[in-house]
Number of protein chains: 2
Amino acid sequence: MNSFDAIDRSIMRILQDRGRISNAELAERVGLSPSACSRRLDILEKSGTISGYHARLSHAALDYKMMVIVHISLSGQFAKTLTEFEAAVKLCPNVLVCYLMSGEYDYILRVAAKDLADYERIHRDWLSALPHVVKINSGFALREIIDKPNVGL
Amino acid sequence: MNSFDAIDRSIMRILQDRGRISNAELAERVGLSPSACSRRLDILEKSGTISGYHARLSHAALDYKMMVIVHISLSGQFAKTLTEFEAAVKLCPNVLVCYLMSGEYDYILRVAAKDLADYERIHRDWLSALPHVVKINSGFALREIIDKPNVGL
DNA sequence: TCTGAAAACCAAACAGT
DNA sequence: ACTGTTTGGTTTTCAGA
């Protein structure tokens, strides 16, 4: 299930950058006929290797100027505690990323906000309301250096 | 430049989830003729509101099973120090995200690795080699709860 | 697993409202 | 600013190697 040749990797690399490229142009750039290329792409998609295609929206253009990294500690690590927290955090539209972590804090979140007042609202209405939370630590991003969706192939 | 109506928002919402949808289907789902829809999409792209389309590759399928959050402190905050660090960090293919932060640490990084040995290599060859670094703190993600590219519209 | 051809489908441009 | 039409290009399926 997990052995890709050079052409598969080319297809993935190109689609990472240009997700809406036509199959015809993709085929030409990887050196296959359009039908052969289409078939390989179909396999990559159906196997889940390519899990989807997404438009990238400019956060700035949408007025989301603020990115906040939030560390959260819970009152315990029982499965039920974690499950309830995770179900709740998934409902917050401003939480882009959430990982269960090793170390001092239990979870790390990446939260998008329009401005400080917007973040104050999110903190009050969503983050503070999450179940089993005992500590919240917010760090504000001053500038974005890198933000890419995938590791370079 | 920044006033979108309900149809624009629908277009963006749909393309966030299905970046490779055809213009014909997109038009039908937002209730426009294909040509009107195409014209709106063109404006959204040319204005930079939609900054690109990207295939999402399954990290697991590519053997990147490990996600590490790295906090880094530098020896100072002079512009030259930051600029040199940032130029260097951009060269590391495993660093997916890097933000300049307020607070205890200067930068936060999100690093993808195949396994612990791979992360050891990245830490030794890339992270420790970054200029002006005085402290590195690595936290390992145990499980991914949420990872979406954009805030819900 | 590829190529090539054919049918179904789609995008882009344009004229009209 | 949207619609409908037209033209040329694209995707997909299928036969054959």
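None of these values were measured; they are calculated from a predicted model.

Cut-offs and rules
Residues numbered from 1 in each chain as written. Chains lettered and ligands numbered in written order. Predicted model: local features only at pLDDT ≥ 70, side-chain atom pairs only at ≥ 80, totals over all residues. Heavy atoms only, no water. Helix = DSSP H or I, 4+ residues; strand = E, 2+ residues; numbered from the N terminus. Rg over C-alpha atoms; globule rule 2.2 N^0.38 Å. Buried < 20%, exposed > 50% of the residue type's maximum accessible area, 1.4 Å probe, protein only. Contact = heavy atoms within 4.5 Å. Areas by Shrake-Rupley, 256 points an atom, 1.4 Å probe, with all protein chains shown as cover. Core = buried A, V, L, I, M, F, W, Y, C linked by side-chain atoms within 4.5 Å. Near = heavy atom within 4 Å. Polar contact = N/O pair within 3.5 Å; in protein donor to acceptor, adjacent residues only side chain to side chain. Nonpolar A, V, L, I, M, F, W, Y, C, P; charged D, E, K, R; others polar. Phe/Tyr/Trp six-rings, centres within 6.5 Å; stacked < 30°, edge-to-face > 60°. Lys NZ or Arg CZ within 6 Å of the ring centre and 35° of its normal. Arc of directions from axis to C-beta. Pairing = 2+ DSSP bridges. Axes fitted to C-alpha atoms, helices over the stretch in contact; angles between N-to-C directions. Domains from an automatic or database assignment.

A. Structural view of the overall build of chain A. Counting secondary structure elements, chain A contains five helices and five strands. Each helix and strand of chain A, ordered N terminal to C terminal, gives the series α-α-α-β-β-α-β-β-α-β. What you see for chain A is a C-alpha radius of gyration of 20 Å, clearly larger than the 15 Å of a compact globule of 153 residues, by over 25%. Here chain A holds 153 residues, and the buried ones make up 48% of them. Of the contacts formed within chain A by residues at least 6 apart in sequence, a portion of 63% connects residues at least 24 apart. Counting every atom, chain A has about 7400 Å² of accessible surface; 54% of that belongs to carbon and sulfur.

B. Molecular detail of the nonpolar core. Within the largest apolar cluster, 56 residues are counted, with the highest numbers of intra-cluster contacts made by L15 and L26 of chain A together with L15 and L26 of chain B. Among all residues touching L15 of chain A, those that are not within four sequence positions of it are I21, L26, L41, I50 and Y53 of chain A together with R20, Y53, H54 and A55 of chain B.

C. Just the protein's contact with DNA strand D, in detail. Close to DNA strand D lie S22, N23, A24, S35 and S38 of chain A together with L32, S33, S35, A36, R39 and R40 of chain B, which account for all nearby residues. For DNA strand D, the backbone makes up 65% of the atoms found within 4 Å of the protein, where backbone means sugar plus phosphate. Backbone polar atom of N23 of chain A to a phosphate oxygen of DNA strand D: 2.5 Å apart, as the coordinates give it. Between DNA strand D and the protein, one listed contact pairs a phosphate oxygen with a side-chain N or O atom of S38 of chain A at 3.5 Å. When residues of the surface near DNA strand D are traced back to their parent elements, those giving at least two are helix 2 (23–30) and helix 3 (34–46) of chain A together with helix 3 (34–46) of chain B. In terms of residue count, helix 3 of chain B provides more of the surface near DNA strand D than any other element does, four residues in total. Taken together, the residues of the surface near DNA strand D sort by class into three nonpolar, six polar and two charged.

D. Fine view of the packing of aromatic side chains. Overall, the coordinates contain four aromatic pairs over all chains when judged by the stated rule. When the centroid spacing of 5.5 Å and the interplanar angle of 80 degrees are considered together, the rings of Y119 of chain A and F140 of chain A count as edge-to-face. Of the two residues, Y119 of chain A sits in helix 5 (residues 116–127) while F140 of chain A sits in strand 5 (residues 133–147), which places them 21 residues apart along the sequence. Overall, the relative accessible area of 4% leaves Y119 of chain A in the buried class. Residue F140 of chain A is classed as partly exposed on the basis of its relative accessible area of 24%. A cation over an aromatic ring shows up here: R20 of chain A above the ring of Y53 of chain B, its NZ or CZ 5.3 Å from the ring centre.

E. The arrangement of helix 2 (residues 23–30) of chain B in detail. All names here are of chain B. For helix 2, the complete set of buried residues consists of L26, A27 and V30. All buried residues of helix 2 lie within an arc of 100 degrees about the axis, which places them on one face of the element. Directly beyond the C-terminal end of helix 2, a positive phi value near 80 degrees is found at G31.

F. Spatial organisation of the protein's contact with DNA strand C. By nearness alone, every residue bordering DNA strand C is listed as S33, S35, A36, R39 and R40 of chain A together with S22, N23, A24, S35 and S38 of chain B. In the environment of DNA strand C, a phosphate oxygen lies 2.6 Å from a nitrogen or oxygen atom belonging to the side chain of S33 of chain A. Contact between DNA strand C and N23 of chain B: a phosphate oxygen at 2.7 Å from a main-chain N or O atom of the residue. Of all the elements in the fold, those that place two or more residues in the surface near DNA strand C are helix 3 of chain A together with helix 2 and helix 3 of chain B. For the surface near DNA strand C, the residue count by class is two nonpolar, six polar and two charged.

G. Representation of the sheet that holds strand 2 (residues 66–74) of chain B in the model. Taken in spatial order, the eight strands line up as 2(A)-4(A)-3(A)-5(B)-2(B)-4(B)-3(B)-5(A) and close into a barrel, and their pairing is antiparallel. Across the sheet, the mean angle separating the axes of adjacent strands is 35 degrees when strand polarity is ignored. Taken together, the five bridges between strand 3 (residues 95–101) of chain A and strand 4 (residues 107–113) of chain A define a ladder with antiparallel strand orientation. Across the sheet, Y99 of chain A pairs through a bridge with I108 of chain A, a residue of strand 4 of chain A. Sheet contacts for helix 4 (residues 79–89) of chain B: strand 5 of chain A together with strand 2, strand 3 (95–101), strand 4 (107–113) and strand 5 (133–147) of chain B; angle to strand 5 of chain A, the most-contacted strand, approximately 85 degrees.

H. Highlighting the domain arrangement of chain A. Parsing chain A into structural domains produces domain 1 (6–46) and domain 2 (66–140). On a C-alpha basis, the centroid separation for the pair domain 1 of chain A and domain 2 of chain A is 38 Å.

I. Main features of the pairing of strand 4 of chain A. In terms of burial, strand 4 of chain A is largely enclosed, as seven of its seven residues are buried. With antiparallel pairing between neighbouring strands as the criterion, strand 3 of chain A and strand 4 of chain A make up a hairpin whose turn holds five residues, including G103 of chain A at a positive phi of roughly 105 degrees.

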